[in-house]
Structures are given as C-alpha cells and as structure tokens.
Amino acid sequence: MNGTPDPGSDSSAGEQLELVRLELKKARARARPGAGPKATARHLPVARVVVNRSALVIDQFFDYSVPVDLDEIAQPGVRVRVRFGARMVEGRREGGNLVDGFLVQRLERSDYPGSLAPLSQVLSAERVLTPALLRLCRAVADRYAGSLADVLQLAVPPKHNRAEAAPSPEPLPAPAAPGPGSWTRYPLGEAFLTALAAGEAPRAVWAALPGGWAGELARAVAAVLASGRGAVVVLPEGRAVAQLDAALLELLGAGRHLALTAELGPEERYRRWLALSRGSVRAVVGTRAAMFAPVADLGLVAVWDDGDDRHSDLNAPFPHARDVLLLRAAEAGAAVLIGGLAVTVESAQLLHTGWARPLLADRAEARRAAPLVRTGSERDQANDAGARAARLPSHAWSVAKEALARGPVLVQVPRRGYVPRLACVRCREPARCRHCAGPLELRDAEGALCCDWCGRPDQDWHCQECGANRLRAQVVGARRTAEELGRAFPLVPVRTSGRGEVLATVPDVPALVVATPGAEPVAEGGYAAALLLDGWALLGRADLHAGEDTLRRWLNAAGLVRSREQGGAVVVVADEGLRPVQALVRWDPAGFAGTELAERAELRFPPVSRMASVTGTSASIEDLLTLIRLPEGADVLGPVAVGGGRPGGRGEGRGGQGGDGRGGQDGLERVLLRVAPGRGAELATALKAAQVAQLVRRSAEPVRVRIDPLDIG
DNA sequence: AGCACGCCGACT
DNA sequence: GTCGGCGTGCTC
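Residues numbered from 1 in each chain as written. Chains lettered and ligands numbered in written order. Predicted model: local features only at pLDDT ≥ 70, side-chain atom pairs only at ≥ 80, totals over all residues. Heavy atoms only, no water.

Undergrad: What is the right way to look at the overall build of chain A in this model?
TA: Summing up its helical and strand segments, chain A has 20 helices and 30 strands in all. Expressed as a percentage of its 713 residues, the buried residues of chain A come to 52%. Accessible surface, chain A: about 31600 Å² in total, of which carbon and sulfur atoms supply 51%. (Helix = DSSP H or I, 4+ residues; strand = E, 2+ residues; numbered from the N terminus. Buried < 20%, exposed > 50% of the residue type's maximum accessible area, 1.4 Å probe, protein only. Areas by Shrake-Rupley, 256 points an atom, 1.4 Å probe, with all protein chains shown as cover.)

Undergrad: Please clarify how the UniProt feature "binding site: Zn(2+) 2" (unreviewed entry) in chain A should be interpreted in this entry.
TA: This chain's UniProt record puts "binding site: Zn(2+) 2" (unreviewed entry) on Cys433, Cys436, Cys451 and Cys454. The annotated residues occupy 22 residues of the chain but converge on a single region, no pair of C-alpha atoms lying more than 8.6 Å apart. For cysteine 436, the location among the structural elements is in the loop between strand E17 (422-424) and strand E18 (440-442). Those residues in contact with cysteine 436 that sit more than four places away from it in its chain are Cys451, Trp453, Cys454, Phe605, Leu637 and Arg674. Its place among the elements puts cysteine 454 in the loop between strand E19 (449-451) and strand E20 (471-473). For cysteine 454, a relative accessible area of 14% puts it in the buried group. Contacts of cysteine 454, omitting those with residues within four sequence positions, involve Cys433, Cys436, Leu637, Gly638 and Val640. (UniProt positions renumbered as here; feature names shortened; annotations may be inferred. Contact = heavy atoms within 4.5 Å.)

Undergrad: Explain the sheet that holds strand E13 (residues 335-340) to me, please; I cannot follow it from the model alone.
TA: Working definition: the strands of a sheet are paired by backbone hydrogen bonds and lie parallel or antiparallel to each other. Taken together, seven strands build an open sheet; the order of strands is E10-E11-E9-E12-E13-E8-E14 and the sheet is parallel. Of all the strands in the sheet, just strand E10 (257-260) and strand E14 (357-359) have a single pairing partner and so form its edges. Taking the axes of each pair of neighbouring strands and ignoring which way they run, one obtains an average angle of 15° across the sheet. The strands touched by helix H6 (residues 213-226) are strand E8 (203-207), strand E9 (230-234), strand E11 (283-286), strand E12 (298-304) and E13; relative to E12, the strand with the most contacts, the crossing angle is about 170°. (Pairing = 2+ DSSP bridges. Axes fitted to C-alpha atoms, helices over the stretch in contact; angles between N-to-C directions.)

Undergrad: When you look at the sheet that holds strand E28 (residues 635-641) in this model, what are you seeing that I'm missing?
TA: If you trace the four strands from one edge of the open sheet to the other, you get E28-E29-E27-E30, paired in antiparallel fashion. The outermost strands of the open sheet, each flanked by one partner alone, are E28 and strand E30 (704-707). Strand-to-strand twist of the sheet, defined as the mean angle between neighbouring strand axes without regard to direction, takes the value 15°. As paired elements, E28 and strand E29 (residues 668-675) share five bridges and run antiparallel to each other. Within E29, the position partnered with leucine 637 by the bridge is leucine 672. Helix H19 (residues 618-627) contacts strand E27 (610-617), E28 and E29 of the sheet and is inclined by roughly 135° relative to E27.

Put into structure tokens, the structure is as follows:
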C-alpha cells in the first residue's frame, strides 16, 4: 500500500506522508543532543524568572535550572528565554512556547516540588532589570492592580543589539553646586537647593512663577548631581523637555544629563536608557516614558505640570508619572519636587498632610512676574463692528488691538467637542447628585435627570447655591470664534497651533496666535497679551477636574505673556465670580488648590478618597462584586451604563474630547469603588484578587479595572 | 494568556 | 462509530 497511490485518494496519501514527516521531526527533536538533559550549574543552580506574560493569573515567578554553559552569563537582571507551558508526557516535557523573561535571582534550591526545566537562552549579559527597578515595578503593579509583566513592558525598552554593543560614555565627575539663579524669587528656594546639594531629601510642592521655570528646574537637577546623586525629571510633552534640556545644557554642559522622549526611535532610546542603567549618566529628563528610567543612587524625582493628563500612561495598568515618582522617592529616600504654574489638588494634599513643604513666592513677587489679568464678560459686546464679528467682549477687543502694536497676541480657544455639564441656569453651579454628589446627566429625550455615578434619578432638582430650579447645558462654538477673530483683524497674520500642527515657538512680531490648550507656542519675547476665550466651554465639561484643569490651562497660557511691568495683559472671558477666574486674576494657584482640596474632602472625592472603576457587562460586574472582599467602609457607586470606548484610555473627560454616546448601547456598565484615604492599597489588592478569582473560575466575562480613573464626572 | 485534556452531539 | 464543541486545569 505504501508507494502505490490509489487513484482518487491522492490527498489521503499526501496527508499520511505529511504525518510521517511530522513524526520524524518530533523524534529528531527528542534525540537532538541540545534537547536532552544537560549538566546543571554546580553553584546556585536555580534561576528565578519572571516570564513576559501579562495575565494576572500567572503573575508570579517561575524557577528554572541553569545549564553549565549559561552559568556565567545567567546573572540576576539579564533577559532570558524559557520554555513555558510545557506538559509532562512519560516523564518528559513536551511542547511549551519560548517566551521572553528576566532572570531575577539565582538560588541554591527551588521551593517548587516538581522538576525544573532548563533556561533555554540568555539573550545578553546586560543586567537590565536591577533590583531597584524590579522593586519599583512590583510596587507599581500592586498599586495599580496590574501584573508585573505589564509594568516591566513599560519600564524596560526592547532590546536593540547595536545599541547594546556600543559602549556608554565615561561618567563625568559630579559638578559643583550651582548658584541659586532665580530661585531667589521664592523665600525657601535657596534653602531647597542647598539641602539638595548637601545630600538631603527635601520634599516640595512648587508653585512656579512665569519665566525661568526651566532654569530653576535645571538648578535643582544640578544641585542633586553636585551631591553625587542622580535625578529623574518628567515633563508632560516634548517641547517642555526640550526647554529643560536646553537649560541643563547651558548650566552643566554636555554629558551630565540626557533627554528621553518617545520620538527618539528604538535604537537611540535604548542607547540612552543603557547610559543611565550603566551609570554613565546620572540625570534624565523626559516625557512619561522616563518615569521608570534606571537612574542609580536616585537623589531627586521631579514632575513638571503634574495636572497634565499626558502624565498618565495609556497602557495597562495606566500608571501616572507623579505617583510612580512618589513611589520611587519613597523607595530610594529621594527628594521630591512637584512643580508647575498650577498646583494640583493632589499636590495640595501632600502639603495638607505635611508630607511636602510649599515652595511659594510671596504676593509681591508673584504680582511682579505675572501679567495683568482682567475678566471680560461674554455678554459685554463691543460697539465696534469687527469686535462684534469676532464675538469678543469690548475689553478683550481693545486689549488685543492695543497689544498687537507691541508684539504677538495669544488666543486660547478650547478644542471642539468638549461635553458641557449640566449647571444651574442662574449661578452656574454644577448640578450634582444629592446622594453621592456625582454629576447629573440628561439620560433620555424626556429630559429625566440621572446621576452618572450611582444612577439614581433626580426628579426635583434645585440648585444648592441659589435655589434656582432650571439647568442649562453649555454650547461651544470655539473654532468658529477663532476664525472670526482672524477676519476681525484683517491686517494681522494669524497662526494656529493645535491638534494638527503644534508650533514650538513664534517670533517676536505682531501676530494673532490661535492655540488650543496645551499647544500654545512659546513667544520669543513673551506675548504682549493673551485672550482666554470661551471659559465656559472649559469650565462646563463633565469632569471632576474641570475647574482645576481650566485654571491650569489658563495659567500655562498666561505664563507665556510678558509681566505686567513689561505691559503684559490677559483677558479671560468668564464670569469673574467663579473661583478659577478669581484665582487667575489674583495669580493664586496654591490658594485655589487648597480650597478645592477642602471641597473634595467634604464631598469625599479623590484624592481625599481613593477610587477605582470597574467596567464590564452587567453580569460580570455583579459577579466581581460577589467575589471581591472590599476594604472596610468602601462605597459602591453604581453601576451605571457607559458609552462605548476604552475605559482605560483618556477618551471621555479630562483633556479629551468626545464622550458622547452615553446610554450604554453596547451594554457596558461601570461601578466606582470608593475607599477612605490610606485604603488604596487594600482596594487594589482586593480588586486584583477578585479579578484573578473571576479569571480562574471563568464565572463571567472579565471586567476591566482602573485605579484612579481620570474620567469620573 | 495559551494550550491541552476531557466528556457529549451531528456527520463520513 | 469518529470529528469537534468549549468547560477545567496547569504552566517552573
């Protein structure tokens, strides 16, 4: 029968041949000398490995034996490849995939009762996963209820052979301690620098003044380098990194620091990462990817503008640069500097608990550095036809017209698509649920009010502040306003900076520079004036952070304007009675953050409480809630239906746009879990355990969990 | 997560 | 009688 093809059964003969070939292949694999039992290292024959599998249910170490030929190279921290998922057949291991991992420890013996598979491969001798980095990644994974492998993926860049083969530069000796520069603007500024240079670990929240922040940050880095320690600085985007990079280059010359940003490309990024890991360079500045940068002898962590949502990583488990750096500082006993023109509520809490000290300028100094800020009413239309065409209040119109004679004028307009929040028609106090203080939403065409957090309806809403019983939803026409503005000043060039194209700088010549928040170019000689338009659209977003975030965006724009002594002026088009507006006019970011914090505490909002969101189908959420062992006093808010999209991303809310399509047409729901301050770790642990239980039992579709969600109303 | 084992319906 | 569904369990 063999070799006599039966006409009509060609295919079956072919299949048999194929089968025979497969069997031969298997036999050869078994007989291959490399696959047989190999001698194991005599000393520390066990290698503990973290495998690169993100699944929560295998978030643990696995032990492998170390073959003699890998004994020397198989040091803690190296990248390895191991066979994972094999099964036992007649006492032999069969199958199993080659997966990447890191060797974390060499041991005399394993506590695993079975026999150990050998390490398959050590990829190189480079010890990329240092003990400190491993501890950090473990802490971050725990804090965010994620797996170690997920965090390692964010923390250790992919291997690049060419970068790894090249030697890193020789380290330079520590520089001399820098002079205080413009830190003299803050009463405690010099003392902070001195402490850094002396090897201490001061912790500060810094309300930076306009002008000079990059130089001030650079001096903080230089001071800690002078103490023989290293520094990590994370900034929200590439243009800010470039500014600090330039300031450091000027202060320290080349070779003592490096910049790490996403746009570098894999080879150069890994080359720089290795320079840090190998101790060639001790200071790094960069965007959020730099938050894990392996700086040895960490002396200082710093975050710039920590309220910017770009500090949140977009990959699971969505760590936030500020919080990762705080974990690092605690671990390393390093100094902390959280700075920005604005002060976040999270920073205010660090001040409130006494964990950090304030680095604030006194009122006179702040007045000197800041531009003159005035409000313009949206109802106060100018008589001038051009102003009417631009729909500008008369004050804004005249300020812009006057300033255009002296230099560029910045016009900040919100991006289209901000979702307005329901607010009192009279005093514009946001409409909140009287049970849990979540934001109220219009859920259906009937106009029924419903809480976005707990889902309770509210038939009889009236304003807590002024007693009015009517609501309004704000409407946005931002982009059009900007276009009309260009027509209103026909002789002036109009430049735009926004989503499509972001300008880094504009020259010191008269021009209208229309920019969306976060995309404002730096004007070389400072803007002569800035108009902050449509404050309502910003303040009216359905977002817990709307007030804080709006003030932050205003401050960042106003901070690019010349000081009041130099004739710099800002007009903010918004109701002067509102707290963010007052804080801008008085240039008092710290005061605003303190008040906001007190209010959050009263309403039990983050960061005074800790929250996590759980998203999934109704059944899977219910299932998770039966499995979870919640910390004492935890609140369960919801579930409520949510629109499509990725709950992990920044899609809805803070800084993002969209967020329409609510109503749960895809069947997804969300609950918010709220715990008392100090119980965040317990909550994360409980969520992870419940998720693992759900995955193991397969009792329902898995849910998605996010700690510190950004998109809560 | 993958991947294999194991026990019940419609087809050669 | 077999091919194949996805429930349950493990991976050093």
